[in-house]
Amino acid sequence: MRHLIIGASAAGLNAAKTLRHLDPNAEITILSKDEVIHSRCVLHHYLKGKRDLAGLNFVGQDFITEQKLNWKKGVQVTKVDTGKSEVALADGSVVGYDKLLLAAGSSTAFPAGIKNLREAKSGVLGFRNINDAQAIKELAGQANVQNIVVMGAGLVGVDAVDGLLGFGKNISLVESFSHILNRQLDMRAARPYEQAFAMAGVKQYYGTKITELVLDDAGAVKQAELGSGIRIPCDLFIVTSGIKPNVGFLEGSGIALGQTGLDFDGYGKTNIENVFGAGDISGRSPIWPAAVKEGIIAAYNMVGRPLEQTDFFASKATMNFQSVATMSLGLPESPDDSYTVEVDEDQAGNYKKIIHKNGEIVGAIVQGDLSYAGILTQLIREKIDVSKIKKPLFKVDYSDFFGEFVF
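Since the model is a prediction, treat every value here as computed from it, not as a measurement. (Residues numbered from 1 in each chain as written. Predicted model: local features only at pLDDT ≥ 70, side-chain atom pairs only at ≥ 80, totals over all residues. Heavy atoms only, no water.)

### Details of the overall build of the chain
And step 1. Along the chain, the regular secondary structure elements total eight helices and 23 strands.
And step 2. Taking 2.2 N^0.38 as the reference for a compact globule, 407 residues should give roughly 22 Å; the C-alpha atoms of the chain span a radius of gyration of 23 Å, in line with that estimate.
And step 3. The contacts of the chain with a sequence gap of at least 6 include a subset with a gap of at least 24, amounting to 59%.
And step 4. Surface summary for the chain: the accessible area is close to 19100 Å², and the carbon and sulfur share equals 48%.
And step 5. Computed over 42 positive and 46 negative side-chain charges, the inter-centroid distance for the chain is 2 Å. (Helix = DSSP H or I, 4+ residues; strand = E, 2+ residues; numbered from the N terminus. Rg over C-alpha atoms; globule rule 2.2 N^0.38 Å. Contact = heavy atoms within 4.5 Å. Areas by Shrake-Rupley, 256 points an atom, 1.4 Å probe, with all protein chains shown as cover. Lys, Arg positive; Asp, Glu negative; His and termini not counted. Charge placed at Lys NZ, Arg CZ, Asp CG, Glu CD.)

### Notes on helix α8 (residues 372-381)
And step 1. Along α8, the positions that sit buried rather than exposed are Tyr372, Ala373, Ile375, Leu376, Gln378 and Leu379.
And step 2. Of the surrounding secondary structure, the elements contacted by the buried residues of α8 are β20 (324-330), β22 (351-357) and β23 (360-367).
And step 3. Of the residues trailing α8, lysine 383 is marked for its positive phi of about 55 degrees. (Buried < 20%, exposed > 50% of the residue type's maximum accessible area, 1.4 Å probe, protein only.)

### Observations regarding the pattern of salt bridges
And step 1. Evaluated as defined, the whole model comprises 11 salt bridges.
And step 2. Across the salt bridge formed by aspartate 280 and arginine 40, the nearest N and O atoms sit 2.6 Å from each other. Of this pair, aspartate 280 sits in the loop between β18 (275-277) and α7 (288-302) while arginine 40 sits in the loop between β2 (27-32) and α2 (43-48), and the two are 240 residues apart along the sequence. A single burial state applies to aspartate 280 and to arginine 40, both of which are buried.
And step 3. Glutamate 225 is paired through a salt bridge with arginine 231; the nearest N and O atoms lie 2.6 Å apart. (Salt bridge = Lys/Arg side-chain N within 4 Å of Asp/Glu carboxyl O.)

### Regarding the sheet that holds β22
Across a sheet, paired strands are connected by hydrogen bonds in the backbone, their directions being either parallel or antiparallel.
And step 1. With antiparallel pairing, five strands are arranged side by side in an open sheet as β19-β20-β23-β22-β21. Two strands close off the open sheet at either side, each with one partner strand: β19 (317-321) and β21 (340-345). Strand-to-strand, the axes of this sheet are offset by a mean angle of 10 degrees, without reference to chain direction.
And step 2. Note: β19 against β20, five bridges, orientation antiparallel. Note on β20: the bridge partner recorded for asparagine 320 is alanine 325.
And step 3. Contacting β20, β22 and β23, α8 runs over the sheet at an angle of about 170 degrees to β23. (Pairing = 2+ DSSP bridges. Axes fitted to C-alpha atoms, helices over the stretch in contact; angles between N-to-C directions.)

### What about unusual backbone geometry?
And step 1. Notably, asparagine 116 is not glycine yet its phi reads approximately 75 degrees, a positive angle.
And step 2. Within the secondary structure, asparagine 116 is located in the loop between β8 (106-108) and β9 (124-126).

### Description of the pairing of β2
And step 1. Among the six residues in β2, five count as buried, and that is most of the element.
And step 2. In terms of handedness, the path from strand β1 (residues 2-6) via helix α1 (residues 10-22) over to β2 forms a crossover that is right-handed.
And step 3. Taken together, the four bridges between β2 and strand β3 (residues 70-73) define a ladder with parallel strand orientation. The residue bridging leucine 31 from the neighbouring strand is lysine 72, located in β3. (Right-handed = clockwise from strand over helix to strand, strands pointing away.)

### Side note on the nonpolar core
Across soluble globular proteins, nonpolar side chains have a tendency to be buried as a group.
And step 1. Counting residues in each nonpolar core, the largest one holds 37 residues, and the members touching the most others are Leu164 and Ile180.
And step 2. Among the secondary structure elements, those contributing two or more residues to this core are α2, α4 (130-140), β10 (147-151), α5 (155-164), β11 (170-175), α6 (187-199), β16 (236-239) and β19. (Core = buried A, V, L, I, M, F, W, Y, C linked by side-chain atoms within 4.5 Å.)

### Digging into the packing of aromatic side chains
And step 1. Taken as a whole and judged by the stated rule, the model has three aromatic pairs.
And step 2. Here phenylalanine 58 and tryptophan 288 contribute two aromatic rings whose centre-to-centre distance is 4.8 Å and whose plane-to-plane angle is 85 degrees, an arrangement assigned as edge-to-face. Taken as a pair, phenylalanine 58 in the loop between α2 and α3 (63-66) and tryptophan 288 in helix α7 lie far apart in primary sequence, 230 residues in all.
And step 3. Residue classification places phenylalanine 58 among the partly exposed positions, given a relative accessible area of 28%.
And step 4. Tryptophan 288 sits in the buried class, given a relative accessible area of 14%.
And step 5. Over the ring of phenylalanine 264 we find arginine 284; its NZ or CZ atom is 4.6 Å from the centre of that ring. (Phe/Tyr/Trp six-rings, centres within 6.5 Å; stacked < 30°, edge-to-face > 60°. Lys NZ or Arg CZ within 6 Å of the ring centre and 35° of its normal.)

### Notes on the sheet that holds β10
And step 1. The five strands are arranged β9-β16-β10-β11-β12 in an open sheet whose pairing can be described as parallel. Whereas interior strands pair on both sides, the edge strands pair on one side only; in this sheet they are β9 and β12 (203-206). Neighbouring strand axes in the sheet, compared pairwise and without regard to direction, differ in orientation by 20 degrees on average.
And step 2. Two elements, β10 and β16, share four bridges in a ladder whose sense is parallel. Residue pairing in the sheet places methionine 151 in a bridge with valine 239 of β16.

Here it is in structure tokens:
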């Protein structure tokens, strides 16, 4: 069996490892633009100097050899011919397959609504891969770059800010929503991060958009203008506010795309029988744990062993910025009054919140002391109807799962 994987990140490499376990004699080939294996989740550590290139490798330096993989790195896929079961590369060569996994990931989406963004000759970067990180690190280290503006206060934007703090530059963070990490946190849980970054000297602008980049005569970025008319000094502009799935090479292939990217179901199946998908290429849930799980699930189905993605909490995230630890999953805010919201906090800054409806947990935040995260995970795994718990929800402990007096 010839398994071909496009993409060498979380989804692709976890799929490859799983395929090797399930099909020891298979021919497994990986195609990727990347020339080094790296985790984008720790790129901010690379900016800080806490990790080198080797330290970004999340599978081990001998992974390719140990798993007996054929990795063609630094190659550009230009076309998929599903009729011939072949993939064409930019150099004119083709690679055949019996089963194909599309795990090409995503790239930074540079918004069209910012005047002069696309006209800028220098000083505009994304923060999505090692090439971005290397370019940012080089520019941030230059004496003539004093003012850095990061657009987008999601996980990637906060990573970028956190990684840049040690450069001694003036850093501004701009977010169109009302608070930092709005997809993971409510305003209460966001507050400690906003305060910590403010103490570190980061200027923050929430509830506003960047409308224009002011360029000098050479086309270099000098200022970023907000919707309010405020202009922020800017020598380096980093876009982290959105992604676009890498699906351009699928044009004319007959492989179906959805509204956000590649369309595949809970089994990783696309509309083509021997073509599967996993990870950020869907554009649905661009977080590492979801990509890992989707890669593993796709691998099982590629070898004919049905396995379905049933985890509601694809949006689970654990973070620790400026010594503030948080776990978030599902919805950070209640959509309407039909949901029950339970909150517990103390003077030490520990904060817990659970959102549930009809006894089912649909969202939660645990900040500070994360010891309750284990209990929360158990409640979800065991599908406990929390509306029937007889004691305060945040007083549940592990012993309760072995008795009958709570549930």
